[in-house]
Amino acid sequence: MWRRLLYGVLVFSIGVVGCRSTPEEDAVVPSSPAVPSSICVLPGEFTMGSPPAEPGRGPDETAHRVRISRPFRMDATEVTVGEWSALLGGAPEPPKLCGDECPVAQVSWYDVLVYLNARSRRDGLSPCYVLEGCTGEPGTGCPAGQAECRGDFRCDRVDFAGVGCPGWRLPTEAEWEFAARAGGETPFPGGDCISRREAAFDGTVPLAGCPGDEPGTRRVLAGSLPADARGFHELRGNLYEWVWDLHQEFSGESGEDPRGPDVGDQRVVRGGAYAFPMASLRAAHRSKMDPDRRSDMDGFRAVRTAGPPGASSCD
């Protein structure tokens with residue numbers, strides 16, 4: 001709810017909050033879920049964060065060099081309602097709001113870990129997470145008509161096997177940004193601006209120097225917008241995406257395969273959402289949420305490590 005209440009602040013100075021004002025009652029309901037696919041991302045080094053002069057820059061985006069040592073596979077689209085339901089049985093949201101090909105939302109960070117462990121077991125892979133002291137029911141969404149809520153499912157402790165784990169997992173924040181940048185250094189793929197032909201966002205609040213566009217009113221079907229240079233759909237806009245890391249301002253220190261800080265209260269979400277301004281879609285933009293929060297503007301995509309350090313292809 002805090003992100004909705006502070007949307008007016010975000011319009012004038014992009015930070016880590018925003019809002020949604022239009023319900024999805026007119027969302028298109030498709031007939032069947034898309035077949036999931038993944039994109040191979042090879043190891044490499046890049047500058048994570050943003051330069052001081054980048055429009056829309058947040059104070060937690062200090063630029064620093066990062067090396068991703070292992071290849072990984074990342075879902076080409078956000079995980080859909082159909083994919084979630086097929087694995088866990090039942091969707092977190094009322095069916096009338098979104099069909100099987102819509103990206104699943106109203107899933108907390110804890111909910112997502114349950115899905116990822118189940119996906120690993122389905123595929124004969126070792127799960128990457130051990131969840132201890134959990135209470136409540138995972139993946140149940142919010143009460144009818146409520147767009148954002150504090151979920152009843154939470155855990156006292158989560159142990160992560162690390163990026164060497166063979167199972168499905170959330171990307172680290174560094175892996176997410178590395179995939180989103182696709183070798184470039186500009187805020188968006190190919191330049192300093194982005195249009196609603198490329199992403200679902202609120203085009204009425206552009207960055208300085210960028211043209212205005214139509215407002216964002218609802219999420220779009222997974223895979224319905226053009227793929228970026230790596231082959232990802234809706235990696236920017238549509239829904240914010242959970243990543244592994246706890247939130248903390250970047251220190252500016254370089255590193256290899258960072259997993260974020262060891263202490264903190266909120267988890268990072270990346271990529272912006274359909275009712276958020278253009279600035280939130282920048283590759284370096286960071287937002288944060290309590291890990292038990294469920295929102296109609298937060299979803300995720302899965303990754304898995306696909307080779308040893310330095311490998312030149314994905315297995």
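Residues numbered from 1 in each chain as written. Predicted model: local features only at pLDDT ≥ 70, side-chain atom pairs only at ≥ 80, totals over all residues. Heavy atoms only, no water.

Caption draft 1: Spotlight on the state of the cysteines. Scanning all chains against the criterion turns up five disulfides. What pairs with Cys40 in a disulfide is Cys314, and their sulfur atoms sit 2.1 Å apart. Between Cys40 and Cys314 the disulfide shows an S-S torsion of about 90 degrees. By sign, it is right-handed. Separated by 274 residues along the polypeptide, Cys40 in strand S1 (residues 38-41) and Cys314 in the segment after strand S14 (303-305) bring together distant segments of the chain. Residue Cys40 is classed as partly exposed on the basis of its relative accessible area, which comes to 30%. (Disulfide = S-S within 2.5 Å. Helix = DSSP H or I, 4+ residues; strand = E, 2+ residues; numbered from the N terminus. Buried < 20%, exposed > 50% of the residue type's maximum accessible area, 1.4 Å probe, protein only.)

Caption draft 2: A look at the environment of Ala222. On the secondary structure map, Ala222 appears in the loop between helix H5 (173-181) and strand S8 (240-246). Residues Ala222 and Pro103, 119 residues apart in the sequence, show an inter-C-alpha distance of 5.7 Å. With sequence-adjacent residues up to four places away left out, Ala222 is seen in contact with Thr77, Glu78, Thr80, Glu101, Cys102, Pro103 and Glu234. (Contact = heavy atoms within 4.5 Å.)

Caption draft 3: Quick look at the sheet that holds strand S9 (residues 255-256). Taken together, the three strands give an open sheet; going across it, the order is S2-S3-S9, and neighbouring strands pair in mixed fashion. Whereas interior strands pair on both sides, the edge strands pair on one side only; in this sheet they are strand S2 (44-48) and S9. Across five bridges, S2 lies against strand S3 (residues 64-68) in antiparallel orientation. Within S3, the position partnered with Thr47 by the bridge is Arg65. Its contacts with the sheet put H5 on S2 and S3, and the angle it makes with S2 is roughly 95 degrees. (Pairing = 2+ DSSP bridges. Axes fitted to C-alpha atoms, helices over the stretch in contact; angles between N-to-C directions.)

Caption draft 4: Representation of the packing of aromatic side chains. All chains considered together, the criterion is met by 11 aromatic pairs. With a centroid separation of 5.4 Å and 70 degrees between ring planes, the pair formed by Trp109 and Tyr110 is classed as edge-to-face. A relative accessible area of 1% places Trp109 in the buried class. For Tyr110, a relative accessible area of 12% corresponds to the buried category. Stacked on the ring of Phe178, the Lys or Arg Arg230 has its end atom at 5.2 Å from the ring centre. (Phe/Tyr/Trp six-rings, centres within 6.5 Å; stacked < 30°, edge-to-face > 60°. Lys NZ or Arg CZ within 6 Å of the ring centre and 35° of its normal.)

Caption draft 5: Fine view of the confidence of the model for the protein chain. Averaged over all residues, the pLDDT of the protein chain is 89; the fraction at 70 or higher stands at 88%. A low-confidence stretch, residues 4-36 (pLDDT under 50), is modelled with 79 contacts involving residues beyond four sequence positions or located in other chains. (pLDDT = per-residue confidence, 0-100.)

Caption draft 6: Looking closely at helix H3 (residues 81-88). By the burial criterion, the buried members of H3 are Val81, Gly82, Glu83 and Trp84. For H3, the secondary structure elements touched by its buried residues are helix H4 (109-122). Positioned one or two residues after H3, Gly89 has a phi angle of 75 degrees, which is positive.

Caption draft 7: Inspection of the sheet that holds S1 at higher detail. The strand order across the open sheet formed by three strands is S1-S4-S14, and the pairing between neighbours is antiparallel. The strands lining the two open edges of the sheet, one partner per strand, are S1 and S14. Put simply, the sheet's adjacent strands are angled 20 degrees from each other on average, direction ignored. Examined bridge by bridge, strand S4 (residues 72-75) and S14 share three bridges and lie antiparallel to one another. Among the inter-strand pairings, Met74 is bridged to a residue of S14, identified as Val303.

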